[in-house]
Amino acid sequence: QSTFLGIPKEFPEIRIDYFKDQPRALPPKACFLSHVHSDHLQGLENYIGPVVYCSPATKRLLLRLEKKSVRLARFCNEVEIEPQRMYRNLGPENGRDVLRAIPYNTPTIIDLDPCQKIRVTLFDANHCPGSTMFLIESDRKAILYTGDVRAESRWLEGLTQNPILIAYTRGWRKLDCIYLDTTFCGPSPTYAIFPSKAEGTDFLIDAIRKYPADTIFHFNAWTYGYEDLWIALASAFNTKIHVDKYRYDIFQSIGNAAAYDYGPCLTGYSIASIDNRDKIVLSEGCLALDPTCTRFHSCERGYVCDGRRGRQVVYIHPSVSSQIREPGAGYPRDG
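In what follows, the accompanying structure is described. (Residues numbered from 1 in each chain as written. Predicted model: local features only at pLDDT ≥ 70, side-chain atom pairs only at ≥ 80, totals over all residues. Heavy atoms only, no water.)

1. Remarks on the overall build of the protein
In step 1: Assigned secondary structure in the protein consists of eight helices and 18 strands.
In step 2: Over its C-alpha atoms the protein spans a radius of gyration of 21 Å, differing by no more than 12% from the 20 Å that the globule rule assigns to 335 residues.
In step 3: By principal-axis analysis of the C-alpha atoms, the protein measures approximately 65 × 50 × 50 Å.
In step 4: Going through the 335 residues of the protein one by one, you find that 48% of them count as buried.
In step 5: A fraction of 58% describes how many contacts in the protein between residues 6 or more apart in sequence connect residues 24 or more apart.
In step 6: Here the protein has roughly 18400 Å² of accessible surface; of this, 51% comes from carbon and sulfur atoms. (Helix = DSSP H or I, 4+ residues; strand = E, 2+ residues; numbered from the N terminus. Rg over C-alpha atoms; globule rule 2.2 N^0.38 Å. Buried < 20%, exposed > 50% of the residue type's maximum accessible area, 1.4 Å probe, protein only. Contact = heavy atoms within 4.5 Å. Areas by Shrake-Rupley, 256 points an atom, 1.4 Å probe, with all protein chains shown as cover.)

Here you go:
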């Protein structure tokens, strides 16, 4: 949650990741959204304001998010209920397409008013599909807003080699401020070292390999950000990952690599035949709707899954380390 109410002091005309009305502040001239996790969406459900800039994947995901109770009724109980998308007020179907997608690594000029422009560049935040850091610059000031990031060494190395950031990484220009994710900044030594995604994935795969080959697993991917783990499990065990239809449709919306690098790996891709009459499927992707085709599941826990029903299931719950539970992941349940 923003500790500065989304108003960077260097650019008070904009808002980032906080969209509630603030009567004591001047109305924003532009807004920015770093990713689709709920703690960064405050105020968007009733938003009336200027354009909100984000990544292509964030826009596609946001416009398809549904309330859990409704989607469970619709997909789990096979009830004919129209999708009740939480942020449809931001899309074209509401007569006002508020969201504007900007591609990564593309400096983009935004006119705040006839006399004021800023240059905004989006960088991958290594957090979840569409997650973004914003570099915001004017002629006199520059800030970096990180949003939520996972600052692993390979990701940091990529930033130092990014040609757009060369002036800052070489010290030729200086940022006036960095607005940094501080979720795990604390005095406890537990926060000092975090395993990388690769280390966590290796640990999980090694643990799974110790179970009998017919063991059923359910990974509680309670939010977005675990997609690379699905891909790793599918590759390591030459299998599919079963997800519910809601989740599958969500990832279909970002199945194009232009929206999300791993989109085709998740939901597959095809090419047109020479005569353009047929499509040739080159990959089916690693996600599957058939619950009986795999022993790996990541469907909604409340979903009536034929692949898990009546079976002994090993439930896997996310954690940052052995001592820190993933924020918002909930707690293991029996059965």
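2. What about the nonpolar core?
In step 1: Residues Leu-44, Val-52, Leu-62, Leu-65, Leu-90, Trp-230 and Leu-287 are the most contacted members of the largest nonpolar core, which totals 47 residues.
In step 2: Going through the elements one at a time, β3 (52-54), α1 (56-62), α5 (197-209), β10 (216-219), α6 (227-236) and α7 (245-252) are the ones with two or more residues in this core.
In step 3: No other element matches α6, which puts five residues into this core.
In step 4: If we skip the residues at most four places from it in the chain, Val-52 touches Phe-19, Cys-31, Phe-32, Leu-33, Leu-44, Tyr-47, Val-98, Leu-99 and Arg-100.
In step 5: With 18 residues, the next largest nonpolar core counts Ile-110, Ile-118, Leu-122 and Tyr-179 among its residues. (Core = buried A, V, L, I, M, F, W, Y, C linked by side-chain atoms within 4.5 Å.)

3. Some points on the pairing of β10
In step 1: Neither face of β10 is open: one carries Ile-216 and His-218, the other Phe-217 and Phe-219, and all of them are buried.
In step 2: The pairing of β10 with strand β16 (residues 313-316) spans four bridges and is classified as parallel. Within the sheet, the bridge partner assigned to Ile-216 lies in β16 and is Val-313.
In step 3: Of the pairings in the sheet, the one linking β10 to strand β15 (residues 296-297) comprises two bridges and is parallel in character. For His-218, the partnering residue across the bridge sits in β15 and is His-297. (Pairing = 2+ DSSP bridges.)

4. With respect to the packing of α5 against α6
In step 1: Relative orientation of the contacting elements α5 and α6 amounts to 40°, with a least axis distance of 11 Å. Taken as axis vectors, α5 and α6 run oblique relative to one another. Judged by the sense of rotation from one axis to the other, the crossing of α5 with α6 is right-handed. Counted together, Lys-197, Thr-201, Leu-204, Ile-205 and Ile-208 of α5 and Asp-228, Leu-229, Ala-232, Leu-233 and Ala-236 of α6 form the full contact between these two elements.
In step 2: Here the contact of α5 with α6 is built from residues that sort into seven nonpolar, one polar and two charged. (Axes fitted to C-alpha atoms, helices over the stretch in contact; angles between N-to-C directions. Parallel < 35°, antiparallel > 145°, perpendicular 65-115°, else oblique. Left-handed = near helix turned anticlockwise from the far one by under 90°. Nonpolar A, V, L, I, M, F, W, Y, C, P; charged D, E, K, R; others polar.)

5. With respect to the pattern of salt bridges
In step 1: Throughout the structure, instances matching the rule amount to twelve salt bridges.
In step 2: For the salt bridge of Arg-150 with Glu-152, the shortest nitrogen-to-oxygen distance reads 2.9 Å.
In step 3: Given a relative accessible area of 9%, Glu-152 falls into the buried group.
In step 4: We note a salt bridge from Arg-154 to Glu-152, for which the minimum N-O separation is 3.6 Å.
In step 5: Residue class for Arg-154 comes out exposed when judged on its relative accessible area of 54%. (Salt bridge = Lys/Arg side-chain N within 4 Å of Asp/Glu carboxyl O.)

6. Concerning the sheet that holds strand β6 (residues 116-124)
Backbone hydrogen bonds hold the strands of a sheet together, and the pairing may be parallel or antiparallel.
In step 1: Strand order in the open sheet made by the five strands is β5-β6-β7-β8-β9, with mixed pairing throughout. Where the open sheet ends on each side, the last strands, each with one partner, are β5 (108-113) and β9 (177-180). Ignoring strand direction, the axes of neighbouring strands in this sheet form an average angle of 20°.
In step 2: Across five bridges, the pairing between β5 and β6 is antiparallel. Paired with Ile-109 across the bridge in β6 is Arg-119.

7. Examining the side chain of Ser-298
In step 1: Positionally, Ser-298 belongs in the loop between β15 and β16.
In step 2: On the basis of relative accessibility, which here comes to 0%, the residue Ser-298 falls in the buried class.
In step 3: At 2.9 Å, the side chain of Ser-298 and the backbone oxygen of Phe-219 are in polar contact.
In step 4: Those residues in contact with Ser-298 that sit more than four places away from it in its chain are His-218, Phe-219, Ala-221, Trp-230, Ile-241, His-242, Val-243 and Arg-247. (Polar contact = N/O pair within 3.5 Å; in protein donor to acceptor, adjacent residues only side chain to side chain.)

8. Topic: the environment of Tyr-262
In step 1: Take Tyr-262: it is sitting in the loop between α7 and α8 (263-267).
In step 2: Taking the relative accessible area as the measure of exposure, Tyr-262 reaches 45% and is therefore partly exposed.
In step 3: When the C-alpha positions of Tyr-262 and Val-98 are compared, they lie 26 Å apart, and in sequence the two are 164 residues distant.

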